[in-house]
Amino acid sequence: MSLLLLAPPLTALSSSAECAWVRGNEDDSAPIDHGRAPLALLPSGHDVVLLVPHAGISWHLVVLPPGSLGGGRLRSVLEGLLEDRLLDDAALAHFAVEPGIRTGTSAWVAVCDRTLLRELVQTIEATGRRVVRIVPEFAPAPEDGPPLLFATGEAQSPQVTVCDANGVLSLPLNALNVQAALQAPLDTVAGSAEPAVATEAESVLGVRLPIVQRAARWLQAARGPWDLAQFDLASSNRVRAGKKLAAWWQQWRHGPQWRAARWGAAVLVVAQLVGLNAWAWKERRALEAKRDAVRSVLTRTFPSVKLVVDAPAQMAREVAALQQASGGASAADLEPMLAALGGVLPTGRVPSAIDFSGGQLRLRGLRLSPTELTQVSGQLGPRGYQARGEGDLLLVQAEGAR
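### Notes on the overall build of the protein
- Check the secondary structure of the protein and you find 10 helices and 16 strands.
- Over its C-alpha atoms the protein spans a radius of gyration of 43 Å, topping by over 25% the 21 Å that the globule rule assigns to 402 residues.
- Reported as C-alpha extents along the three principal axes, the dimensions of the protein are approximately 125 × 55 × 40 Å.
- Taking all 402 residues of the protein together, 34% fall into the buried category.
- Working note: accessible area of the protein is about 23400 Å², and carbon and sulfur atoms make up 56% of it.
- Side chains of the protein carry 38 positive and 38 negative charges; the gap between the two charge centres is 15 Å.

### Quick notes on unusual backbone geometry
- A positive phi angle is found at Phe231, which is not glycine, with a value near 60 degrees.
- Mapped onto the fold, Phe231 is located in the loop between helix 5 (214-222) and helix 6 (237-254).
- Of the residues examined, Phe231 reaches a relative accessible area of 28% and is grouped as partly exposed.

### Overview of the sheet that holds strand 5 (residues 58-63)
- Here three strands make up an open sheet; going across it, the order is 5-7-6 and the pairing antiparallel. Edge positions in the sheet fall to strand 5 and strand 6 (93-97), since each has one partner strand and no second. This sheet shows a mean twist of 35 degrees between the axes of neighbouring strands, independent of strand direction.
- Of the strands in this sheet, strand 5, strand 6 and strand 7 (106-113) are in contact with helix 1 (residues 74-82), which crosses strand 6 at around 110 degrees.
- Running at roughly 70 degrees to strand 7, helix 2 (residues 114-125) makes contact with strand 6 and strand 7 of the sheet.

### Topic: the side chain of Thr123
- In this structure, Thr123 sits in helix 2.
- Discounting residues that sit within four places of it in the chain, Thr123 has contacts with Leu13, Ser14, Ser15 and Leu39.

Calculation criteria
Residue numbers restart at each chain and count upward from 1, following the sequence in its written direction. In view of the model being predicted, local features appear only for residues whose pLDDT reaches at least 70, and side-chain atom pairs are presented and counted only at 80 or more, with totals across whole chains, interfaces and linings using the full set of residues. Water and hydrogen atoms were dropped before computing side-chain values, which therefore reflect all heavy atoms in the structure. Helix and strand labels come from DSSP, where a helix needs a run of H or I of at least four residues and a strand needs a run of E of at least two; each type is numbered from the N terminus. Within these notes, the globule rule equals 2.2 Å times the number of residues to the 0.38 power, and the radius of gyration is based on C-alpha atoms. Only protein chains enter the area calculation, which uses a 1.4 Å probe; residues under 20% of their type maximum are buried, those over 50% are exposed, and those in between are partly exposed. Methods summary: accessible areas were calculated by the Shrake-Rupley approach with a probe of 1.4 Å, and residue burial reflects only the protein chains presented. All tallies of charge rest on Lys and Arg as positive and Asp and Glu as negative; His and the ends of each chain are not included. Here the site of a charge means atom NZ of a Lys, CZ of an Arg, CG of an Asp or CD of a Glu. We call two strands paired when DSSP finds no fewer than two bridges between them. A fitted line through C-alpha atoms serves as each axis, taken over the contacting stretch for helices, and the angle formed by two N-to-C directions is quoted from 0 to 180°. Two residues form a contact once any of their heavy atoms are found within 4.5 Å.

This is the structure:
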């Protein structure tokens, strides 16, 4: 995956100000290209990794007390621990803790100007880019690793930077400073030199250091474990996804290259709305036609019905009245109900009392178990009857009967 690394100066940055940039791949130490350009003219289509120069960071070793990592208390704890070590007000500083920090053990904290760092991030993101990480140019070396020595700068002002378990120290390149900064034998140190100061470094150190371009060294720093985007500058996956979505939405809404897509989406939405309304109108018409057909059947079959309110219920009442007038038995009469019940009751169960009124049959004394009651109700259902138990009573009625 490609990345774009920016190394702005430690001053207020504007969109027209030039800053150094490097473009490369996360899995390759060799840069693709690099240069200096205003923010508006930087290579496009990349998330940004912001590099903070070593002059803008101070390093402090702290031991966090128990319970300081939870509940959002970490920044307050850091302000209390570092208040006496900082020249400025601790509330104006930005803190970043070492990856994998634990309470009760010593860990490094990077401190830099909070206002300046926030302005840099806002200025870069105002150009439509996303700052996904903030990395230091140099960071303390782990205790189990060799010290690191970097000879950097220009031929007129060479610098030596030593990164070891004691922190990061940058001094002008000369023999005394190297002796003071380096607390380990030179043959145990992993070092490199930029081309402009390689000759001077060899003269001072007495050994030839591998030559590494500044752009390659910056890419190596970007692949380190440190991320200074913490606390109010945190750049989590959720935050990055939100920024990416917001940037995409703004580009889609206002970008001229998306004008055809916007018109197409608008036409599609309007077509869907028109189609849904037409489909709903058609369904309403079909439903009204079915209701008219039911009402027509009722009024043709029973001319005495002049006002149709509930066609199915009125049809059922008229059919029941017709059956009663003609002497025919219906499902709600006693004889059909007893015949259906006799075919589903368990063998040997005879009621002690029978009561029939209002289309409901009440039988007492059957003493059905819950399982038997469920079986009787399930077998009566397909025959058009409902059955339920109320204490010692079994109530049976035709479905739909009131």
